[in-house]
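What follows is the residue order along each chain.
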Amino acid sequence: MRARLAHLWTQLVAHARAVTRIARWEVSRSAGTVDRRTAVLGLVALVVAGGIAAGAAGGGVALDRDLYRVGIAADSPYYDAVEQSPTLDPRPISDANVELIVTERHVSVADTRTGDAAYGAFRDAVESYNERQMLAEENESAAFPVVVTLQYRERGALVPAGSRVDGGSGGAGTAGDSAGPSGTDGAGESDSPADTTTGDGSVGTGPSASDAAAADDGEVGAPPLGGAASLFGGDTSGSPANINPPFPFASLVLAFAFLVPMNFVIQAYGSSILNERINRRGELLLVAPVSPGDIVAGKTLPYLLGTVAITTVIAAAVGGGLVSIAAVVPVGLLFLSATFVGAMFARSFKELTFVTVTVSVFLTTYTFVPAIFTNVTPIALISPLTLVVRDLGGGSIPLGEFAFSVAPILLAAVVLFLLGTGVYREEDMFTQRSVPLKFLDALDSRISRPRSVASLSALSIPFVFIAELLAIAVLFILPIDVTVPLVLVAVAVVEEFAKSLHVYAAFEKGRFARTIRTSLVLGGLSGLGFFVGEKFTAIAQIAGLQSLTLGQTAFAPAGIGLADSAGVVPLVAVGLLLAPLVLHAVTASVTALGASRSKSAYALSLVGAIAIHLVYNLQVVSFLG
């Protein structure tokens, strides 16, 4: 036993040395090819990413700065309000090229849509200025006699009727109540711009010291944000006119600061991989006494470390912690793995550019769309950017939710590297074959015996999970009557492709005999492997995704959560749990029979398998109500 451990340790050290040597060579070679122009472009990219982060951290980039021109005298009582507004540009009254002219008692507005917008911006500027002036008053309760604080609760956790939301100094409000200032009804208005902007000053300003204690165990998603509050675009206390829903647009822009540098890293990485295939430059490494896995790991290591370093610097700059880094690095690894596979499949730099752009758009969509629903539904946890947003806000992240966001991406990256390494060989690297054929070669390279079909079906689960989660996130905003059928169709299509493509690749490469018996065996193994791997999606329950109708629609047909369904007899529940195994074995056998015949027969059998799967899904969803 000791001798075996010593042998394994020796092999591990040898692999580590080989990977380190190749990584060092990759760094020196890449550094030698970077010219001044490329270095300048890289520096510009870092500056842009830093600008995005700084702009978001500072409350956003003011794209509308000095948008509207206002003619106003320097001694006007409204001049300070106009000057302090980033949207308004104060000009002399004599200037004819203005949208507004403000005098002491009158406002002249240009008869255009721009003039109307300028007047609205002017009203907001005066209102904000007046509120800042009142905030500066020593007697806060006199300036703002009412304080309102929002508490975000889980859906279904109701506040008892008549309970007091906040008891700040000077007054209190209850849920559903409205209050006006002392001596008014909150609706007074006059023709004066100053009066117009103060007419809705009916409720108070920020929370008092006691507001922090107002939260109880039912409160969610509203931690004290401190200096990062501006990132979340929604105020939880103060004047009702200034309290906005918590839409984290600025924090998403900030999170994009992590993704922008990755695009430049994967461009350099993809070019390095493709360079190995041009004019057989990588042949020397192939004949060296190192494995393809060591070569790929060595060439990838510098770019992965660069991604980690950039992510760490950005996280430190914006106030993120280890959670932000741990959430973003798997996204960078998925970027690199997808680019590696694309570079191994592409026949030219033009094709590589198309592949990398497609990868960037897809992964950016996957990480961006669900994060829009941060603090709203479990849908947001599909994206690791949600973890970044919560980390910036100081919120806690349970381990199960972290795994739900990160595990599929991490597993998908590992599988992509395995597929790409399978074609890191002379017969694939230096031949001009189309991308679909290279993809079939990559699948076939991982099949050596019938049980390999089951392994590949199980390994496809991360991609199936990602595709189904993206479908849920994209369709979430549509009416349920529309989204449920669409999600069922998407699930059937994705899963049948995942169970059959590698079987088709094996038959195309002549790996197995084209007989009915072999097709049924391969189909059964593919269905079994998919059924076993499908239980990985049970992690969806940890994140509470099945509390949503779409989550139940997508994952209930897989048998997840059926065993403990209310009113289901245990024997029936067991049957429902095993029903997906029968389904996957039958549909995979149908596609295997078609794949053993021809491409057109495979396409026809795939349509049939999708139809069978869709009918099954509809029956299960109908059974569960």
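Chemist: Describe the confidence of the model for the protein chain, with residues and values.
Modeler: Per-residue pLDDT for the protein chain has a mean of 74; in total, 69% of the residues score no lower than 70. Here residues 156-235 is a poorly scored stretch, pLDDT under 50, and it has 136 contacts once near neighbours within four places are set aside; other chains count. Segment residues 560-567 is flagged for pLDDT under 50; beyond a separation of four residues in sequence, or across chains, it makes 15 contacts in the model.

Chemist: Break down the sheet that holds strand S4 (residues 107-109) for me, citing the residues and quoting the values.
Modeler: The four strands lie next to each other as S2-S1-S3-S4, forming an open sheet whose pairing is mixed. Since the sheet does not close on itself, it has two edges, and those belong to strand S2 (88-91) and S4, each with one partner. Across the sheet, the mean angle separating the axes of adjacent strands is 25° when strand polarity is ignored. Note that strand S3 (residues 100-102) and S4 share three bridges and pair antiparallel. In the sheet register, Leu 100 faces S4, and the bridge partner there is Val 109.

Chemist: Give me the lowdown on a nonpolar patch on the surface, citing residues and values where you can.
Modeler: Taken together, Ile 477, Leu 478, Val 482 and Leu 486 make up a surface patch of nonpolar side chains, about 350 Å² in accessible area. Looking at the element boundaries, Val 482 is found in helix H18 (residues 480-508). Overall, Val 482 belongs to the partly exposed group, its relative accessible area being 42%.

Chemist: Please provide a residue-by-residue account of the pattern of salt bridges, values included.
Modeler: Within the structure shown, the criterion is met by nine salt bridges. Note that Lys 299 and Glu 276 form a salt bridge whose closest N and O atoms lie 3.6 Å from each other. Separated by 23 residues along the polypeptide, Lys 299 in helix H9 (residues 292-318) and Glu 276 in the loop between helix H7 (249-275) and helix H8 (283-287) bring together distant segments of the chain. For Lys 299, a relative accessible area of 0% corresponds to the buried category. Salt-bridge contacts for Arg 347 lead to Glu 351; the nearest nitrogen and oxygen are separated by 2.7 Å. Its relative accessible area of 37% is what places Arg 347 among the partly exposed residues. In this structure, a network of salt bridges that share partners links the residues Glu 26, Glu 276 and Lys 299.

Chemist: Describe the packing of aromatic side chains, listing the residues and the values that go with them.
Modeler: Aromatic ring pairs are reported here in terms of the distance separating the ring centres and the angle at which the planes meet. Summed over all chains, the structure comprises five aromatic pairs. With a centroid separation of 6.1 Å and an interplanar angle of 75°, the aromatic rings of Tyr 78 and Phe 122 are classed as edge-to-face. You can see Tyr 78 sitting in the loop between strand S1 (68-72) and helix H3 (79-84) and its partner Phe 122 sitting in helix H4 (residues 113-135), a full 44 residues away along the chain. Just as Tyr 78 is buried, Phe 122 falls in that class too.

Chemist: Describe the pairing of S2, listing the residues and the values that go with them.
Modeler: With four bridges connecting them, S1 and S2 associate as parallel partners. What sits directly across from Gly 71, in S2, is Arg 91. A crossover connection joins S1 to the parallel S2 through H3; in handedness this β-α-β unit is right-handed.

Chemist: Outline the nonpolar core, listing residues and values.
Modeler: Formed by 83 residues in total, the largest nonpolar core has its most connected members in Phe 340 and Met 344. Examining the composition of this core, we find that 15 residues originate from one element, helix H10 (residues 322-345), more than from any other. When neighbours within four sequence positions are excluded, Phe 340 is seen to be in contact with Tyr 269, Ile 273, Val 296, Phe 417, Gly 420, Thr 421 and Tyr 424. Among the nonpolar cores identified, the runner-up in size contains 17 residues, and Tyr 79, Leu 100, Ala 118 and Ala 121 belong to it.

Chemist: Can you lay out helix H15 (residues 435-445) for me, pointing to particular residues and giving the numbers?
Modeler: Along H15, the positions that sit buried rather than exposed are Lys 438, Leu 440, Asp 441, Ala 442, Leu 443 and Asp 444. Of the surrounding elements, those touching the buried residues of H15 are H10, helix H13 (399-422), helix H14 (426-429), helix H16 (450-459) and H18.

Chemist: Pulling in residues and values, what's your account of the side chain of Thr 339?
Modeler: On the secondary structure map, Thr 339 appears in helix H10. Engagement of the side chain of Thr 339 in a polar contact is seen with the backbone oxygen of Phe 335, the distance being 2.7 Å. Beyond its immediate chain neighbours, meaning those up to four positions away, Thr 339 contacts Ile 266, Tyr 269, Gly 270 and Thr 356.

Chemist: Summarise the packing of H9 against H10; cite the residues concerned and give the values.
Modeler: Following both chains from N to C, one finds H9 and H10 inclined at 145°, their axes separated by 9 Å at the closest point. Here the hand of the crossing between H9 and H10 comes out right-handed. Contacts between H9 and H10 involve Val 296, Thr 300, Tyr 303, Leu 304, Thr 307, Val 308, Thr 311, Thr 312 and Ala 315 on the former and, on the latter, Ser 324, Ile 325, Val 328, Val 329, Gly 332, Leu 333, Leu 336 and Phe 340. Class assignment of the residues belonging to the contact of H9 with H10 gives a composition of eleven nonpolar, six polar and no charged.

Cut-off values and rules
- Residues numbered from 1 in each chain as written.
- Predicted model: local features only at pLDDT ≥ 70, side-chain atom pairs only at ≥ 80, totals over all residues.
- Heavy atoms only, no water.
- pLDDT = per-residue confidence, 0-100.
- Contact = heavy atoms within 4.5 Å.
- Pairing = 2+ DSSP bridges.
- Helix = DSSP H or I, 4+ residues; strand = E, 2+ residues; numbered from the N terminus.
- Axes fitted to C-alpha atoms, helices over the stretch in contact; angles between N-to-C directions.
- Patch = residues over 30% accessible without salt bridge, like charges linked within 9 Å, V, L, I, M, F, W, Y side chains within 5 Å.
- Areas by Shrake-Rupley, 256 points an atom, 1.4 Å probe, with all protein chains shown as cover.
- Salt bridge = Lys/Arg side-chain N within 4 Å of Asp/Glu carboxyl O.
- Buried < 20%, exposed > 50% of the residue type's maximum accessible area, 1.4 Å probe, protein only.
- Phe/Tyr/Trp six-rings, centres within 6.5 Å; stacked < 30°, edge-to-face > 60°.
- Right-handed = clockwise from strand over helix to strand, strands pointing away.
- Core = buried A, V, L, I, M, F, W, Y, C linked by side-chain atoms within 4.5 Å.
- Polar contact = N/O pair within 3.5 Å; in protein donor to acceptor, adjacent residues only side chain to side chain.
- Left-handed = near helix turned anticlockwise from the far one by under 90°.
- Nonpolar A, V, L, I, M, F, W, Y, C, P; charged D, E, K, R; others polar.

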